[in-house]
Amino acid sequence: MGEESGAARVELADGRAVRIARLTPGDAAELGEAITEADRETLYRRFCGPPPTVTPRLLAYLTELDFDRRYALVARDDSGRGVAIARYEATREPGVAEIAVVVRPGWRRVGLATVLVTELAKAALRHGFDRFTATYLADNRPVSELLDLAGARRHIAAGVADAVLHLEPESEEREDAHGDSPGTGGTRTEHRQEDTAEPDPAAVRLG
């Protein structure tokens, strides 16, 4: 995926590192390949059903963002290959955004999803959101465990779970309105993620 200034380098629990930056239209082709090549179970869990057909219109929608009501981050390995994406989309309810996270299989359970959701939450707070919602298959234990640890409330019906997570800014990381790049606004641009037992939300749906 394309280069972007302001990318933050993060070292994960297994010693590997990624750089986290905003998703851009230049990432559309690789995103399309990732959706096309993903295994069936990952796609089913990601979309809570059959995945959409990959079209230029879909890729444009996923990558052309205003970074206010629609925001997405991509994590890349040392070769520049995208290994995870996290995004939020504003809902019709004021202050509420729905989140989605997808992590490649080889990068799960090393703390990457936690890093991405944390950075996404910081961005959401800067842009006036105070709650995240997530819709996922109720039997997806990694997602359930992660949201439970974060203190989310959930409702399950017909095998589908709907969760609500309230966002609270950390006192030492109150950032000004210009700190939109990952790792800026008072946070370090390089840190180590130690959460080796992190349940990875590889299939939270984007509604």
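All residue numbers refer to positions counted from 1 along the written sequence of the respective chain. With the structure being a predicted model, the display of local features is reserved for residues of pLDDT at least 70 and the display and counting of side-chain atom pairs for 80 or more, all residues being used for whole-chain, interface and lining totals. Neither water nor hydrogens contribute to the side-chain values; these are computed over all heavy atoms in the structure.

Caption draft 1: Spatial organisation of the packing of aromatic side chains. Between rings of Phe, Tyr and Trp, where Trp is taken as its six-membered ring, a pair exists when centres lie within 6.5 Å; planes separated by under 30 degrees are stacked, by over 60 edge-to-face, and by other angles tilted. A full pass over the atoms with the stated rule returns four aromatic pairs. Here Tyr71 and Tyr88 contribute two aromatic rings whose centre-to-centre distance is 5.6 Å and whose plane-to-plane angle is 15°, an arrangement assigned as stacked. With Tyr71 in strand 3 (residues 70-76) and Tyr88 in strand 4 (residues 82-90), this pair connects stretches of sequence that are 17 residues apart. Pairwise contacts between aromatic rings join Phe67, Tyr71, Tyr88, Phe129 and Phe132 into one cluster. We note Arg16 situated over the ring of Trp107; from NZ or CZ to the ring centre the distance is 3.9 Å. Here the guanidinium or amino end of Arg22 rests over the ring plane of Phe67, the centre of that ring lying 4.4 Å away. Each helix is a run of DSSP H or I of at least 4 residues and each strand a run of E of at least 2, with the numbering of both proceeding from the N terminus. Throughout this description, the term charge over a ring refers to an Arg CZ or Lys NZ atom that lies within 6 Å of the ring centre and within 35 degrees of the ring normal.

Caption draft 2: The arrangement of the pairing of strand 5 (residues 96-103) in detail. Of all eight residues making up strand 5, seven are buried, and the element is well covered by its neighbours. Here a strand pair is declared whenever DSSP counts at least two bridges between the two strands. The sheet contact formed by strand 4 and strand 5 spans seven bridges and is antiparallel. Following the sheet pairing, Ala90 is matched in strand 5 by Ala97. Running through helix 4 (residues 112-126), the crossover from strand 5 to the neighbouring parallel element strand 6 (residues 131-137) is right-handed. The buried label goes to any residue with under 20% of its type's maximum accessible area, the exposed label to any with over 50%, and the partly exposed label to all in between, with areas taken from a 1.4 Å probe on protein chains only. If the strands point away from the viewer and the path from the first strand over the helix to the second runs clockwise, then the crossover is right-handed.

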